[in-house]
Amino acid sequence: MTANSDDLDRRDALKLIAGGLGLAALGGTAACAPATSTASSSALAQPRPSPGPAPERFLAAPPMDTVRIGFVGVGGQGTAHVHNLLRVEGCVIKAVDDIVPEKVTKTQDLVEQAGFPRPTGYSRGPTDFVRMCEQEELDLVFNATPWEWHVPICLAAMRNGKHTATEVPAAYTVDDCWALVEHAERYGKHCVMMENCNYGRMEMMVFNMVRQGVFGEILHAEGGYLHDLRSVKFSPEGEGLWRRAHAMKRNGNLYPTHGLGPVANCMDVNRGDRFATLVSMSSPSRGLELYAREHFADGSPQRQERYVLGDVNWSLIMTANGRTIAWATIPTCRARTAECTWSRAPAVCFRATRTASTSKGGASRTTGSQRRHTSRSSITRCGSKWKRRAGAPGMAAWTTSRTIGSSSACAKGCPPT
Ligand SMILES: NC(=O)c1ccc[n+]([C@@H]2O[C@H](COP(=O)([O-])OP(=O)(O)OC[C@H]3O[C@@H](n4cnc5c(N)ncnc54)[C@H](O)[C@@H]3O)[C@@H](O)[C@H]2O)c1
């Protein structure tokens, strides 16, 4: 097999999966071209590197004492990242880019107040990150921009010799996924999707238990992202300015990685197994139009909008080793779930549910049981001696329960998850 035919095999395999079995689960289909695809297309209009063969070894970059960072997109999530980076030893934010000049100034002030030199500001329009990547001496370009900008920013960074990190989802077309791979291989730069849910306390605990063989062989896993985002999507600021546009043009699981990432870790995806086939289904779209009817006056622009994004999306994956994954994205209720069935006790089911709190726009109409959970975590192993309950800072409410007979309520009377 030649180097090129090897590369074709990689592409053909992915095309088969995407075309035949529904890329919708990854949030993009040919039939549902994103409203905002121009951002991506223009970045890709530049010549793409010839892919060549897959590298023989994984990329390893030499360690750095100081990481010089250029940050793009300092809205809600970007500002949170900036605050964190200012506390990480060895990180220096050297440049900041946002289309809103006031946000750049605010971030420059934050960096200065933390005792660092004032970063250079970039705010000459939506592609000013290219100028930043060309002019600045940076080790890493980190972006927390609207989805349509992730790929163009990552490509500009790698083309200009910088490692790059992006918020989720990294990309939503197969071509864009390949562009990221090709650039990372060609320029020898890391391109990382910052899937924070992989590193949640609960997820790391379960991952550790899986690695230690507590569950035996994982045969099937379920995950999900169940987060009521209606008020966020209709907010006059932040994600309300751009996220609803995706719901008007694209159907599928537009935000798959929070639920799928931790499950992929537990199932050794790309470490001995890989996703092989996928099918994805969405319910009809109702919730956003209903929300607009209930919250906006007759004749308002929001009342004229029509959405194609189904309220509920379920996707099924089979891995190359024949194991199965089911995961849901439901933007009208509030929990992230992961559930596994394992071989050692086939009738026993593990479920972890994480509710997500929403700080923007008063989305937090919680049910009684959600309210009960939001101020603490509980880890309960039903049917045995140990039970632990502890305070949990931040957004999380955790409930893990071992349940019998695949039911969500414990046979010994522990509370349902
Ligand atoms: N991992 C998580 O838990 C998590 C949580 C929230 C958001 N996110 C992700 O973070 C990203 C940003 O979300 P957010 O909630 O911060 O949205 P936001 O709208 O609050 O912030 C986006 C920022 O990007 C800026 N921007 C837009 N286009 C730009 C461009 N071309 N160049 C430079 N700046 C540009 C906007 O002015 C804004 O300041 C999204 O990808 C979202 O999915 C992830």
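Preceding block: the structure.
These remarks concern the structure in this document. (Residues numbered from 1 in each chain as written. Predicted model: local features only at pLDDT ≥ 70, side-chain atom pairs only at ≥ 80, totals over all residues.)

**Some points on the overall build of the protein**
For the record, the criterion: Under the DSSP-based scheme used, a helix requires at least four consecutive residues in state H or I and a strand at least two consecutive residues in state E, with every element numbered from the N terminus. With C-beta atoms placed from the backbone, a residue counts as buried when 20 or more other C-beta atoms lie within 10 Å of its own, as exposed when 12 or fewer do, and as partly exposed for counts between those limits. The contact rule is simple: place each C-beta atom from the backbone, and if two of them lie within 7 Å, those residues are in contact.
A tally of helices and strands in the protein yields 14 helices and 15 strands. In the protein, which comprises 417 residues, the share counted as buried stands at 38%. Restricting the contact set of the protein to residue pairs at least 6 apart, pairs at least 24 apart contribute 71%.

**Quick word on the site of the ligand**
Rules: Using a C-beta atom placed from the backbone, a residue is described as near a molecule or strand when that atom lies within 6 Å of it. Under this grouping Gly is polar, as are all residues other than the nonpolar Ala, Val, Leu, Ile, Met, Phe, Trp, Tyr, Cys and Pro and the charged Asp, Glu, Lys and Arg.
In the vicinity of the ligand lie 25 residues, with Gly73, Gly75, Gln77, Pro126 and Glu167 positioned nearest. Per element, the largest residue contribution to the shell around the ligand is three residues, and it comes from helix 3 (residues 76-87). Of the residues in the shell around the ligand, the class split is 12 nonpolar, eight polar and five charged.

**Brief notes about the nonpolar core**
Formally: The nonpolar core criterion groups buried Ala, Val, Leu, Ile, Met, Phe, Trp, Tyr and Cys residues into a set whenever they are joined through C-beta atoms within 7 Å.
If you look at the biggest cluster of nonpolar residues, it comprises 36 residues, and the most contacted ones within it are Phe71, Phe129, Val141, Ile153, Cys154 and Leu180. With seven residues, the single largest contributor to this core is helix 6 (residues 150-159). If we ignore the near neighbours within four places in the chain, the residues touching Val141 are Gly70, Val72, Cys133, Ile153, Ala157, Lys162 and Thr164. Within the second largest apolar cluster, 14 residues are counted, among which are Val210, Leu260, Val263 and Val269.

**Observations regarding unusual backbone geometry**
If a residue is not glycine, its phi is most likely negative; likewise, a peptide bond is most likely trans. Residue Pro169 follows Val168 across a cis peptide bond; omega there is -15 degrees. Locating Pro169 in the fold gives a position in the loop between strand 5 (163-166) and helix 7 (174-187). Residues other than glycine seldom take positive phi values, yet Asp268 does so here, at roughly 60 degrees. Its place among the elements puts Asp268 in the loop between helix 11 (257-266) and strand 8 (275-282). Exposure remark for Asp268: the 16 C-beta atoms within 10 Å place this residue in the partly exposed category.

**Observations regarding the sheet that holds strand 1 (residues 67-72)**
Stated formally: By this definition, two strands are paired if DSSP reports at least two bridges between them. Every angle, taken between N-to-C directions, lies between 0 and 180 degrees, and every axis is a line fitted to C-alpha atoms, over only the stretch in contact when it is a helix.
If you trace the six strands from one edge of the open sheet to the other, you get 3-2-1-4-5-6, paired in parallel fashion. Among the strands making up the open sheet, the edge pair consists of strand 3 (120-122) and strand 6 (191-193). Recorded for the sheet is a direction-independent mean angle of 25 degrees between the axes of neighbouring strands. Pairing analysis gives four bridges linking strand 1 to strand 4 (residues 140-143), with the strands arranged parallel. Directly across from Val72, in strand 4, lies its bridge partner Asn143.

**Looking at the packing of helix 5 (residues 128-135) against helix 6**
Under the convention used in this document: An angle below 35 degrees is read as roughly parallel, one above 145 as roughly antiparallel, one from 65 to 115 as roughly perpendicular, and any other as oblique. It is the rotation of the near helix from the far one that decides the hand of a crossing: anticlockwise by less than a right angle makes it left-handed, clockwise makes it right-handed.
Close contact between helix 5 and helix 6 brings their axes to 9 Å; oriented N to C, the two are set at 20 degrees. Our classification of the angle between helix 5 and helix 6 gives roughly parallel. When the axes of helix 5 and helix 6 are compared, the crossing they make is right-handed. Across from Phe129, Val130 and Cys133 in helix 5, the residues of helix 6 making contact are Ile153, Ala156 and Ala157. The class makeup of the residues in the contact of helix 5 with helix 6 is six nonpolar, no polar and no charged.

**Looking at helix 5**
Just so we agree on the cut-off: Within this analysis, the arc is defined by the directions that extend from the helix axis to the C-beta atoms.
Every buried residue belonging to helix 5 is among Phe129, Val130, Met132 and Cys133, and all of these are buried. Looking straight down helix 5, one finds its buried side chains confined to an arc of 160 degrees; they lie on one side. Against strand 1, strand 2 (91-97), strand 3, strand 4 and helix 6 lie the buried residues of helix 5.

**Structural notes on the environment of Arg303**
On the secondary structure map, Arg303 appears in helix 13 (residues 301-304). Beyond its immediate stretch of four places on either side in the chain, Arg303 contacts Ala292, Arg293, Phe296 and Asp298.

**Things to note about helix 3**
Heads up, the condition is: Under the convention used throughout, the expected extent of a helix is 1.5 Å for every residue step, that is, one less than its residue count.
A rise of 1.5 Å per residue sets the reference length of helix 3, with its 12 residues, at 16 Å; its end C-alpha atoms lie 18 Å apart and thus fit the reference within 8%. Of the positions making up helix 3, those classed as buried are Gly78, His81 and Val82. An end-on view of helix 3 places all buried positions within 105 degrees of arc, on one side of the element. In helix 3, the exposed positions that point more than 90 degrees away from the buried face belong to Ala80, His83, Asn84 and Arg87. Looking at the buried residues of helix 3, the elements they touch are strand 1, strand 2, helix 4 (101-113) and strand 4.

**Focus on the environment of Val74**
Position of Val74 relative to the elements: it lies in the loop between strand 1 and helix 3. Owing to 25 C-beta atoms within 10 Å, Val74 belongs among the buried residues under this scheme. Sequence separation between Val74 and Val104 is 30 residues; the distance between their C-alpha atoms is 7.2 Å. The contacts of Val74, once residues within four sequence positions are left out, are Thr79, Val82, Val96, Asp98, Lys103 and Thr107.

**A look at the environment of Thr120**
Take Thr120: it is sitting in strand 3. For the pair Thr120 and Lys94, spaced 26 residues apart in sequence, the C-alpha to C-alpha distance is 6.3 Å. Residues contacting Thr120, with those up to four places away along its chain left out, are Lys94, Ala95 and Glu136.

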